[in-house]
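# Structural overview for review
The primary structure of each chain is shown beneath.
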Number of protein chains: 2
Amino acid sequence: MNPSSKPIRILGIDPGSRTTGFGIIDVYGREHVYVASGCIKTISGDELAGRIAVICQHIAELIDTYRPQQAAVEQVFVNVNPASTLMLGQARGAAIAALTMRGLPVYEYTALQVKQAVVGQGKAAKEQVQHMVVRMLALSGTPQADAADGLAVALTHALRNHGLASKLNPDSMRIKGGRFHL
Amino acid sequence: MNPSSKPIRILGIDPGSRTTGFGIIDVYGREHVYVASGCIKTISGDELAGRIAVICQHIAELIDTYRPQQAAVEQVFVNVNPASTLMLGQARGAAIAALTMRGLPVYEYTALQVKQAVVGQGKAAKEQVQHMVVRMLALSGTPQADAADGLAVALTHALRNHGLASKLNPDSMRIKGGRFHL
């Protein structure tokens, strides 16, 4: 790590209908430094508007406290249960709303992209992702699963953009939907 | 209408993955007065974060311009297509996030409750809802379908709470999820 270089701070979000995981990292060139992680829990019995308010408020507080410059959000799976899919969509929409309303650029990555970036193959188990997050960020303990997923999506954004950015002229590219467009 | 009484201004929202309808009404006791209506359109080819930003920004502008005191949001149907259900959920979550982040209390009503409140029966066709919205608000023209749905959900909130409020002691009740709890 070169402490004199200015880091880019990334907030990774793994949305869920009950628990939204988050992870914040600083990126110094090829080095990634852990800043914070955790999860936002909503009470399943609460009305939807109340649950959405909890998600938005916590994300706004994270942004105010840590001042990330970019956000990466994991794309969620559609569930076999349509009501669960709707609930998950609502939680994810609220999280992205909270990010965009604070002016953060939002990049999206599928679970496959996260596994490929962090573990090196798309069929990796959840534990392998957790293990690699611990290793890549030199953590002394294993973070809770949702927090690890938040860190993993932040790392994915850092890894994918670093690899591409080193090959491309930064002035000619535009990031959209987690991909670079020339 | 008694112009001396202080109205309650309600913002009704009918969320959709492409078009979010809205309607604003003033409630003076049993009288309902049209204030504004319209729809927020997103471009389907745009990335999700951009579409969510459009929804949030427009709702924030509506709140700043018209200063409603309460919001009513229609509950959406789960679609046969899980991807559509997820998209609809994301749009709805973003709309509710925009409302709660501006401190508006949000009440939810099913399509059945809207039809029952506005037309008098749950099996009413979309055109009957539009017709009743025009009649109840003494409109000179028929609003666009999504805008009419926004007005209909605002009217539902006004009608359901007025009817119940007249029978109950207002100090002992609490509104939650579109229903009164004693």
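Here goes a summary of the coordinates provided.

Definitions and limits used
Along each chain, numbering runs from 1 in the same order as the chain's sequence is written. Both sets of labels track the order of writing: A upward for chains, 1 upward for ligands. Local features in a predicted model are, by the rule used here, given only for residues with pLDDT of at least 70; side-chain atom pairs are given and counted only at 80 or more, and totals for whole chains, interfaces and linings are based on all residues. Side-chain metrics in this entry use all non-hydrogen atoms of the structure; hydrogen atoms and water are not considered. Should any heavy atoms of two residues lie within 4.5 Å, those residues are considered in contact. Two parts placed together each lose some accessible area under a 1.4 Å probe, and adding up what both lose gives the buried area. Here, a salt bridge means any side-chain nitrogen of Lys or Arg that lies within 4 Å of a carboxyl oxygen of Asp or Glu. N or O atoms closer than or at 3.5 Å make up a polar contact, with two conditions inside protein: a donor-capable atom paired with an acceptor-capable one, and, for residues adjacent in sequence, both atoms drawn from side chains. Secondary structure elements are defined from DSSP: runs of H or I of at least 4 residues count as helices, runs of E of at least 2 residues count as strands, and each element is numbered from the N terminus. Gly is placed with the polar residues, together with every amino acid not listed as nonpolar (Ala, Val, Leu, Ile, Met, Phe, Trp, Tyr, Cys and Pro) or charged (Asp, Glu, Lys and Arg). In this analysis, strands are considered paired if DSSP registers two or more bridges between them. For every element, the axis is a line fit to its C-alpha atoms; helices are fit only across the contacting stretch, and the angle between N-to-C directions ranges from 0 to 180 degrees. Burial status follows relative accessibility: with a 1.4 Å probe on protein chains alone, a residue under 20% of its type maximum counts as buried, one over 50% as exposed, and anything between as partly exposed. The term nonpolar core refers to a set of buried residues drawn from Ala, Val, Leu, Ile, Met, Phe, Trp, Tyr and Cys, joined through side-chain atoms within 4.5 Å. Grid points spaced at 1 Å and placed over the protein atoms alone form the basis of the search, with a cavity being a set where a 1.4 Å probe fits but cannot get out and a pocket an open set showing protein on both sides within 12 Å along at least five of seven lines. Lining residues have an atom within 4 Å of a point. Grid points are joined across faces, edges and corners, and a volume is the space filled by probe spheres set on the points.

### Section: the interface of chain A and chain B
Contact with chain A, which involves 26 residues of that partner, is made by 26 residues of chain B. Summed over both partners, the interface of chain A with chain B comes to about 2,200 Å²; 73% of that surface belongs to carbon and sulfur atoms. Taken together, the links from chain A to chain B amount to zero salt bridges. Our count for the chain A to chain B interface comes out at four residue pairs in polar contact (both at pLDDT 80 or more). Contributing elements (two or more residues each) for the side of chain A that touches chain B: α1 (48-66), α2 (82-101) and β5 (106-109) of chain A. If one sorts the elements of the side of chain A that touches chain B by residue count, α2 of chain A sits on top with 14 residues. Split into classes, the residues belonging to the side of chain A that touches chain B amount to 16 nonpolar, six polar and four charged.

### Here we look at the sheet that holds strand β2 (residues 19-28) of chain A
Residue and element names in this part refer to chain A. Here we have five strands laid out as an open sheet, ordered β3-β2-β1-β4-β5, and mixed in their pairing. Looking at the sheet topology across the chains shown, the edges are occupied by β3 (31-41) and β5. Averaged over neighbouring strand pairs, the angle between their axes works out to 20° when direction is ignored. Here seven bridges tie strand β1 (residues 8-14) to β2, and the two strands are oriented antiparallel to one another. By the bridge assignment, L11 is partnered in β2 with I24.

### Overview of the pattern of salt bridges
All names here are of chain A. What the rule picks out here adds up to eight salt bridges over all chains. With a closest N to O distance of 2.8 Å, E108 and R92 form a salt bridge. Here E108, found in strand β5, pairs with R92, found in helix α2; they are 16 residues apart in sequence, far enough to count as distant. For R92, a relative accessible area of 2% puts it in the buried group. A salt bridge links K126 to D149, with the nearest nitrogen and oxygen atoms 2.8 Å apart. One end of the pair, K126, is in helix α4 (residues 126-136); the other, D149, is in helix α5 (residues 145-167), with 23 residues separating them in the sequence. Classification of D149 as buried rests on a relative accessible area of 9%.

### A closer look at the nonpolar core
Of all hydrophobic cores here, the largest spans 52 residues; its most connected members are L11, I59 and L99 of chain A together with L11, I59 and L99 of chain B. The contact partners of L11 of chain B, leaving out residues within four places of it in the chain, are F22, G23, I24, L62, I63, P68, Q70, A71, A72, L99 and L104 of chain B. Core analysis: the next-biggest nonpolar cluster, separate from the first, contains 20 residues, I10, I25, M132 and L155 of chain A among them.

### Considering the side chain of T156 of chain B
Residues and elements named next belong to chain B. Here T156 shows up in helix α5 (residues 145-167). For T156, a relative accessible area of 0% puts it in the buried group. Look past the residues within four positions of T156 in its chain and what remains in contact with it is Y109, Q113, V114, A117 and V118.

### Remarks on the layout of surface pockets
Residue and element names in this part refer to chain B. Reported here for the largest pocket is a volume of approximately 440 Å³. Considering the residues around the largest pocket, the lining is formed by 22 residues, among which D14, P15, E74, F77 and K126 are closest to the centre. Within the residue set of the lining of the largest pocket, elements represented by two or more residues are α2 (82-101), α3 (111-118), α4 (126-136) and α5. Along the lines of polarity and charge, the residues of the lining of the largest pocket split into nine nonpolar, six polar and seven charged.

Limitation: the analysis is restricted to geometry and does not speak to function.
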